[in-house]
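Analysis of the macromolecular model
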Amino acid sequence: MSATVSPEVSPAPGAAVSPAPRSTVGPAPRPAVSPAVRLAGAHYPVAVVGGGQAGLSLSYHLRRHGIDHVVVEAHQVGHEWRERRWDSFCLVTPNWQCRLPGFPYQGDDPDGFMVRDEIVRYLQDYVAFFRPPLVEGVTVTGLRRAPGGRFELTTTEGGFTADQVVVATGPYHTPSVPRMAERLPAGIGQIHSSRYRNADQLPEGAVLVVGTGQSGCQIAEDLHLAGRQVHLAVGSAPRVARFYRGRDCVAWLDEMGHYAKGIDSFDDAAAVRMRVNHYVTGRDGGRDIDLRAFARDGMRLYGRLTGITSALGPTAPGPATPGPTTLEFADDLKVNLDRADAVAESIKDAIDAHISAHGIQAPREARYVPVWEPSEHLAELDPAEAGITSVVWSTGFTRDHRWIEIPAFDGRGYPMHRRGATSTPGLYFLGLPWQYSWGSGRFEAVGRDAGFLADHIDASRRLADVCGALTGAPDSVASALPLG
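Residues numbered from 1 in each chain as written. Predicted model: local features only at pLDDT ≥ 70, side-chain atom pairs only at ≥ 80, totals over all residues. Heavy atoms only, no water.

Let us look at the overall build of the chain. Looking only at helices and strands, the chain features nine helices and 21 strands. When burial is assessed residue by residue, the chain has 52% of its 484 residues classed as buried. The contacts in the chain between residues at least 6 apart in sequence include a share of 72% that link residues at least 24 apart. Per element, the accessible surface of the chain, about 21400 Å² overall, is 53% carbon and sulfur. (Helix = DSSP H or I, 4+ residues; strand = E, 2+ residues; numbered from the N terminus. Buried < 20%, exposed > 50% of the residue type's maximum accessible area, 1.4 Å probe, protein only. Contact = heavy atoms within 4.5 Å. Areas by Shrake-Rupley, 256 points an atom, 1.4 Å probe, with all protein chains shown as cover.)

What follows concerns the pattern of salt bridges. Counted according to the given criterion, the structure contains 32 salt bridges. Taking the shortest distance from any N to any O, the salt bridge between Asp 352 and Arg 245 comes out at 3.0 Å. Residue Asp 352 is located in helix H8 (residues 333-357), and its partner Arg 245 is located in the loop between strand S13 (243-244) and strand S14 (247-248); the two are separated by 107 residues in the primary sequence. Given the relative accessible area of 22%, Asp 352 is considered partly exposed. Ionic pairing is found between Arg 292 and Asp 338, a salt bridge with its closest N-O pair at 2.7 Å. Of the two residues, Arg 292 sits in helix H7 (residues 291-296) while Asp 338 sits in helix H8, which places them 46 residues apart along the sequence. What you see here is one network of salt bridges that share partners, running through Arg 239, Asp 288, Arg 292, Lys 334, Asp 338, Asp 341 and Glu 373. (Salt bridge = Lys/Arg side-chain N within 4 Å of Asp/Glu carboxyl O.)

Glancing now at the pairing of strand S12 (residues 230-233). Burial along S12 is two-sided: Val 230 and Leu 232 facing one way and His 231 and Ala 233 facing the other are all buried. For strand S11 (residues 206-210) and S12, the ladder comprises four bridges, and the chain directions are parallel. Bridge pairing in S12 links Val 210 to Ala 233. With helix H4 (residues 214-225) bridging S11 and the parallel S12, this β-α-β connection has right-handed handedness. Bridge count between S12 and strand S15 (residues 300-302): three bridges; the pairing is parallel. Bridging from a neighbouring strand, Leu 232 pairs with Leu 301 of S15. (Pairing = 2+ DSSP bridges. Right-handed = clockwise from strand over helix to strand, strands pointing away.)

It is worth spelling out the sheet that holds S11 at this point. A sheet is described by the order of its strands in space; here five strands give the open sequence S10-S19-S11-S12-S15, paired in parallel fashion. The open sheet has two edge strands, strand S10 (189-192) and S15, and neither has a second partner. Across the sheet, the mean angle separating the axes of adjacent strands is 20° when strand polarity is ignored. Pairing geometry for S11 and strand S19 (residues 388-393), over five bridges, is parallel. Bridging across to S19, Leu 208 finds its partner in Val 391. (Axes fitted to C-alpha atoms, helices over the stretch in contact; angles between N-to-C directions.)

Examined against the element boundaries, Glu 182 turns out to sit in the loop between strand S9 (174-175) and S10. Owing to a relative accessible area of 34%, Glu 182 belongs among the partly exposed residues under this scheme. For Glu 182 and Ile 308, which are 126 residues apart along the polypeptide, the C-alpha to C-alpha distance reads 8.9 Å. Within polar-contact distance, the side chain of Glu 182 engages the side chain of Arg 179 at 2.6 Å. (Polar contact = N/O pair within 3.5 Å; in protein donor to acceptor, adjacent residues only side chain to side chain.)

Bringing the side chain of Arg 84 into the picture now. Along the polypeptide, Arg 84 turns up in the loop between helix H2 (79-83) and strand S3 (99-100). Here the side chain of Arg 84 touches His 173 through a polar contact of 2.9 Å, landing on its backbone oxygen. Every residue in contact with Arg 84, bar those within four places of it in the chain, is listed here: His 79, Tyr 172, His 173, Pro 175, Ser 194, Arg 197 and Phe 397.

Applying the stated criterion across every chain, the model contains 18 aromatic pairs. Plain terms: the ring middles of Tyr 172 and Phe 397 are 5.8 Å apart, the flat faces sit at 55° to each other, and that makes the pair tilted. Of this pair, Tyr 172 sits in the loop between strand S8 (160-167) and S9 while Phe 397 sits in strand S20 (residues 397-398); the two residues are 225 residues apart in sequence, bridging distant segments of the chain. The exposure class of Phe 397 is partly exposed, given its relative accessible area of 28%. In this structure an aromatic cluster arises from ring pairing among Tyr 60, Trp 81, Trp 86, Phe 89, Phe 103, Tyr 122, Tyr 126, Phe 129, Phe 130 and Phe 443. The ring of Phe 89 has Arg 85 sitting right over it, with the charged end atom 5.3 Å from the ring centre. Here Arg 419 stacks its cationic end above the ring of Tyr 436, 3.7 Å away from the centre of that ring. (Phe/Tyr/Trp six-rings, centres within 6.5 Å; stacked < 30°, edge-to-face > 60°. Lys NZ or Arg CZ within 6 Å of the ring centre and 35° of its normal.)

What follows is about H4. Taking 1.5 Å per residue, twelve residues should reach 16 Å; H4 reaches 16 Å between its end C-alpha atoms and fits that length. Across the twelve residues of H4, nine count as buried, placing the element largely inside the fold. Within H4, the full set of buried residues consists of Gly 216, Cys 217, Gln 218, Ile 219, Ala 220, Glu 221, Asp 222, Leu 223 and His 224. Taken together, the buried residues of H4 touch S11, S12, H7 and S19. Remark: Gly 227 follows H4 within two positions and exhibits a positive phi of approximately 90°. (Expected span 1.5 Å × (residues − 1).)

Along the chain, Gln 190 turns up in strand S10. Residue Gln 190 is classed as buried on the basis of its relative accessible area, which comes to 0%. In terms of polar contacts, Gln 190 uses its side chain to reach the backbone carbonyl oxygen of Ala 181, at 3.2 Å. Among the polar contacts made by the side chain of Gln 190, one reaches the side chain of Trp 393 at a distance of 2.9 Å.

This part is about helix H3 (residues 116-130). With 15 residues, H3 should cover 21 Å at 1.5 Å per step; its first-to-last C-alpha distance of 22 Å lies within 8% of that length. What H3 keeps buried is the set Arg 116, Asp 117, Ile 119, Val 120, Tyr 122, Leu 123, Tyr 126, Val 127 and Phe 130. In this structure, the buried residues of H3 make contact with helix H1 (53-64), H2, S3, strand S4 (103-104) and strand S5 (134-136). A positive phi of about 50° marks Arg 131, the residue just after H3.

Structure follows, in structure tokens:
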């Protein structure tokens, strides 16, 4: 019998598993349709699907343009941060980079890193600040374009129409767990990183964390600091130093223009969009995440997890019984660690060059020296012998745009767009990683992207009004506008 893979942890027999605790930012607001906003049977010039930082930022700019619109959020503002982040979660970028339009960070710790509940409160305060036309607790289940050019949206509260639609649901929709997870023994609890809260939530015993993106590395650290024996399957994600030559590396990179550099300035734009983020942490004031140091201090590191096999037990009358399970790892641990270090050092090289070119006075700093090296390739591991009782799958998310009945995607399911505008007039996306720059999709630059799209939407609306008055054509002509 294989383990059941679900968002919740499945406990080992006899092990007590605490439920995932909720956020401490008061009770989650009850989903409700604002009495000032009507959906069923209504028509809006612009519909924004998604009420996270992207959708709210766009709403701010649309209001600045005087454009009537509605923002439809499936849950409540802050849901992703409240429900899909662990207890010790914090931003990995400094608070001063929180620059939602008209509402930059105003706290007393600009160089600090907001924790989960503070991030939720920041978004809630943003809603209170400009009171967008927001509908919460309503899911958009379908989007199609009618023959006349208008968009038809189906929701759990009835259907409505819009002239233009912005999909601001982000890229992280469905937790992704590899099929090999089904081969783990039923006695090993499994949980996706989006449902992890703290070490006490898991059964006693060692934990295997699969994946070393930002979530995997920070969860591995959280478990390590809680005194758990951690086994970590290391992937190819790069890392960055937290501080270098007297400043946060983010501050240097911001000053150097890296967060504003447009995707169209890269020769390999498609590859750039698929890059994973560098791992680092803002925990306890911010520090490096050094997997080698974790290994030196007792964490067990392996290459990528490539397979899970289970042999059959001794033959006997009746059905065969599962035998020992084996976890299989690629021989790429050293390569992955070396490449992550190389990326971190190349960023320092760029900072050094910037300091030198501009004559900036900054303290000298010794370069990183590896504190641990893998001595052998650990190709296999018996989870029972290692005492592993639970697995945290930090294996990312998949996009789910099946509700959009418009051909606006490439063969990988990625929206085809330029700065958020698709080839379908009036259909836009916002909040995607690398939508235009490194900062897209984050608090740092999502407002810039939203401002650009709001300008584009306004120009499209005005041009459509003029052309409609002259020709009687109802269709948007957004595709005729320059994207800048």
